[in-house]
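Chain by chain, the residues run as shown.
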Amino acid sequence: MNGERQEIIGIRGLSKTFTTQKGDQFLAVDNISLKIFKNSFTCIVGPSGCGKSTILRIAAGLEHASTGTVHYGASPVTKPCGEIGLVFQEYSLFPWMTVLDNVAAGPKFAKVDKKKRRHDAMDYLLMVNMETFKDAYPHELSGGMRQRVAIARALANEPDVLLMDEPFGALDAHTRILLQQELLRVWELTHKTIVLVTHSVDEAVFLADEILVMSCRPGQIRKKIQVDMERPRSRANPKFGALTDDILRELGNGMVKS
Amino acid sequence: MAILSNTENFWESFGSNFPKIDIKQYAVFLLIPVLAPVFLVFLWLILASRIDNQVILPGVWEVGTLLFHPTQDMIGMGSLAGNVLVSLVRVVMGYSIAAVVAVPLGVVMGYYGLVFRFFNGFLSLFRPIPPLAWVPLVMAWFGISSLATLIGVETGRSFIYLNNIKFAMLFIIFIGAFYPILTATIHGVRNVEVTLIDSARVLGATEGQIFRKILIPAAMPSIITGMRIGLGIAWMCLVSAEMLPGSLSGIGYMITHAFTLASTDIVIAGMISIGVVGGFMDMVFRRIELKKFSWRKQAVS
């Protein structure tokens with residue numbers, strides 16, 4: 001796999017400054033450079049408020065960088081594009097649409113024929129095991145089910161890269177582990193490139209090929225860690241524990257420093 | 001008590017195993033909203049017979065007769081139903097114009113801060129002015145011109161119909177309905193979850209699609225509430241406007257004119273009609289609110 005790694009997203013010298021309501025400048029992301037390779041699974045871990053989500057939002061084209069660039073392949077990302085999808089933490093489903101219409105929303109914006117987009121949406125609902133809920137409304141679903149639908153909706157737009165912003169952050173521990181397994185299955189099935197932001201070290205070690213550990217204020221990447229454990233990974237594996245411990249210590253150092 | 005135990009026997013005689021408690025509760029449930037009106041009519045009956053003066057308080061039966069013969073002509077003022085209809089057509093027209101202007105304007109004002117800043121100061125100046133305070137100015141502008149003037153019809157049946165739709169009244173209704181709809185729409189759009197707009201963007205929605213497919217449906221519950229309030233105010237404004245001098249038809253005119261003739265029974269029948277029509281319109285909107293937007297309450301739980 002390391003033989004011919006093709007870069008799909010390149011971030012170079014990315015910084016983002018926000019202006020607070022008082023008018024102070026606040027450096028959220030400081031000079032970050034990283035490469036995301038095709039078909040890889042990357043996790044970005046870091047404490048809350050370290051700019052992880054900001055990086056994703058800029059990569060998705062929802063916000064502009066203060067300095068630096070984000071490239072998808074050879075072209076710079078300045079606005080949302082069909083090739084890059086984004087899954088939010090929660091409340092992202094359109095509450096007035098059924099599950100099926102939610103999943104078919106992207107193709108509908110692109111004016112895909114109704115029959116085809118519904119047919120395709122059904123395939124993605126099957127993939128996340130939500131086909132029996134196609135006529136339900138989001139408020140009738142549990143948090144875990146909603147996130148399954150949110151993932152199906154992002155996939156139905158057929159992006160190459162799937163960015164995920166704390167997708168399981170609002171779920172209970174059990175559902176969370178279940179959905180992590182499902183996500184790996186979907187990833188292996190669809191060969192997407194996934195970048196997932198999380199504050200759970202355990203989640204990152206369970207999922208990722210590569211883990212980027214971030215520090216706070218300003219948001220910087222402290223360390224890049226390759227995870228070479230066979231999947232499915234067991235949390236009982238001593239390697240799993242050792243790696244989790246390393247990353248936690250790394251995060252702890254960052255905290256003390258700030 | 002006796003009645004209740006009778007119903008129990010009634011159901012038991014069918015040998016059905018209906019849960020009795022449910023029927024009792026259901027009967028009480030249905031009965032409760034009727035109690036106050038029944039009490040009011042009862043009070044009216046007593047007072048009317050005590051006072052015994054048709055001008056101060058006509059009897060329930062006199063008013064009832066008028067209400068149950070709505071198409072009967074009343075001393076040259078047209079029929080009850082006819083006048084209600086004229087008022088309704090006026091409201092529907094003025095109100096529709098208000099909704100067509102206020103909803104898109106509200107969506108744009110709610111979404112774009114600059115547009116909000118541009119219009120808000122200007123609109124806030126006019127907001128506190130009661131719609132009826134516009135009447136003198138509006139009369140000066142429009143006089144007695146009506147749809148008939150606009151189209152150029154001067155005789156015949158269609159003149160009579162079209163001449164009832166006076167611009168002055170449409171304007172008053174417009175002012176009355178405009179602000180509640182505008183305010184509710186702005187509020188609705190501002191409270192749309194940013195995540196929904198971002199999601200649509202990431203899924204490839206254009207700016208136009210975000211307006212039509214995201215902002216409007218997401219703000220629709222609030223818009224409908226504003227439209228409901230606006231319709232109520234429009235109805236009140238119209239009836240008041242019809243009571244002003246120069247008006248020759250409509251339910252408000254009928255009431256004022258009946259008053260000058262000391263026909264208090266017609267006044268009360270007119271008032272009841274206003275209440276019934278207004279209440280019915282409100283009910284329709286509330287139905288829509290409940291049926292179509294049940295997702296609203298549970299959406300953010």
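Criteria and cut-off values
- Residues numbered from 1 in each chain as written.
- Chains lettered and ligands numbered in written order.
- Predicted model: local features only at pLDDT ≥ 70, side-chain atom pairs only at ≥ 80, totals over all residues.
- Helix = DSSP H or I, 4+ residues; strand = E, 2+ residues; numbered from the N terminus.
- Rg over C-alpha atoms; globule rule 2.2 N^0.38 Å.
- Buried ≥ 20, exposed ≤ 12 C-beta atoms within 10 Å, placed from the backbone.
- Contact = placed C-beta atoms within 7 Å.
- Pairing = 2+ DSSP bridges.
- Expected span 1.5 Å × (residues − 1).
- Nonpolar A, V, L, I, M, F, W, Y, C, P; charged D, E, K, R; others polar.
- Axes fitted to C-alpha atoms, helices over the stretch in contact; angles between N-to-C directions.
- Parallel < 35°, antiparallel > 145°, perpendicular 65-115°, else oblique.
- Left-handed = near helix turned anticlockwise from the far one by under 90°.

Structural notes on the overall build of chain A
- Secondary structure summary: chain A contains 8 helices and 10 strands in total.
- Compactness check: chain A gives a C-alpha radius of gyration of 18 Å against a globular reference of 18 Å for 258 residues, within 12% of the reference.
- In terms of overall dimensions, chain A has a C-alpha envelope of 55 × 45 × 40 Å along the principal axes.
- Expressed as a percentage of its 258 residues, the buried residues of chain A come to 41%.
- Of the contacts formed within chain A by residues at least 6 apart in sequence, a portion of 68% connects residues at least 24 apart.

Quick notes on the pairing of strand E6 (residues 84–87) of chain A
All names here are of chain A.
- Here E6 shows a buried face lined by Ile84 and Leu86 and a second buried face lined by Gly85 and Val87.
- Inspection of the sheet shows E6 paired to strand E7 (residues 161–165) by 4 bridges, in the parallel sense. Across the sheet, the residue bridging to glycine 85 is leucine 162, located in E7.

Some words on helix H5 (residues 143–156) of chain A
Residues and elements named next belong to chain A.
- In this model, H5 (14 residues) spans 20 Å end to end at C-alpha, consistent with the 20 Å of a helix rising 1.5 Å per residue.
- The element H5 is extensively covered by neighbouring structure, given that 12 of its 14 residues are classed as buried.
- Of the residues making up H5, those classed as buried are Met145, Arg146, Gln147, Arg148, Val149, Ala150, Ile151, Ala152, Arg153, Ala154, Leu155 and Ala156.
- Backbone geometry just after H5 places glutamate 158 at a positive phi near 50°.

Here's the deal with the interface of chain A and chain B
- In this assembly, 19 residues from chain A lie in contact with 16 residues from chain B.
- Every element with two or more residues in the side of chain A that touches chain B is listed here: E6 and helix H3 (105–109) of chain A.
- Top element by residues in the side of chain A that touches chain B is H3 of chain A. It accounts for 3 residues.
- Among the residues making up the side of chain A that touches chain B, the classes are represented as 13 nonpolar, 6 polar and no charged.

Considering the pairing of strand E1 (residues 7–19) of chain A
Residue and element names in this part refer to chain A.
- Pairing analysis gives 9 bridges linking E1 to strand E2 (residues 25–37), with the strands arranged antiparallel. Residue pairing for E2: glycine 10 is matched across the bridge by lysine 35.
- The antiparallel hairpin formed by E1 and E2 contains 5 residues in its connecting segment, where glycine 23 sits at a positive phi of about 105°.
- Two elements, E1 and strand E4 (residues 67–72), share 5 bridges in a ladder whose sense is antiparallel. Pairing of isoleucine 9 across the sheet is with tyrosine 72, part of E4.

With respect to the sheet that holds strand E3 (residues 41–45) of chain A
Residues and elements named next belong to chain A.
- The mixed open sheet is built from 6 strands, whose spatial order is E6-E7-E8-E3-E9-E10. Only two strands of the sheet have a single partner each, and these edge strands are E6 and strand E10 (220–226). Between one strand axis and the next, the sheet turns by 20° as a mean value, whatever way the strands run.
- Of the strand pairs in this sheet, strand E9 (residues 210–215) and E10 are connected by 6 bridges, and their pairing is antiparallel. Bridging across to E10, methionine 214 finds its partner in isoleucine 221.

Considerations on the sheet that holds E2 of chain A
Residue and element names in this part refer to chain A.
- Reading across the sheet, the 4 strands line up as E2-E1-E4-E5 and stay open at both edges, with antiparallel pairing between neighbours. Here the strands that pair on one side only, and so sit at the sheet edges, are E2 and strand E5 (75–76).
- Along the sheet, helix H1 (residues 52–59) makes contact with E1, E2 and E4, crossing E1 at roughly 120°.

Side note on the packing of helix H9 (residues 167–190) of chain B against helix H11 (residues 207–242) of chain B
Residue and element names in this part refer to chain B.
- Interhelical geometry of H9 versus H11 gives an angle of 155° and a closest axis separation of 7 Å. On the basis of the axis angle, H9 is roughly antiparallel to H11. Remark: the crossing between H9 and H11 carries right-handed chirality.
- A breakdown of the residues in the contact of H9 with H11 according to their chemical character gives 19 nonpolar, 9 polar and no charged.

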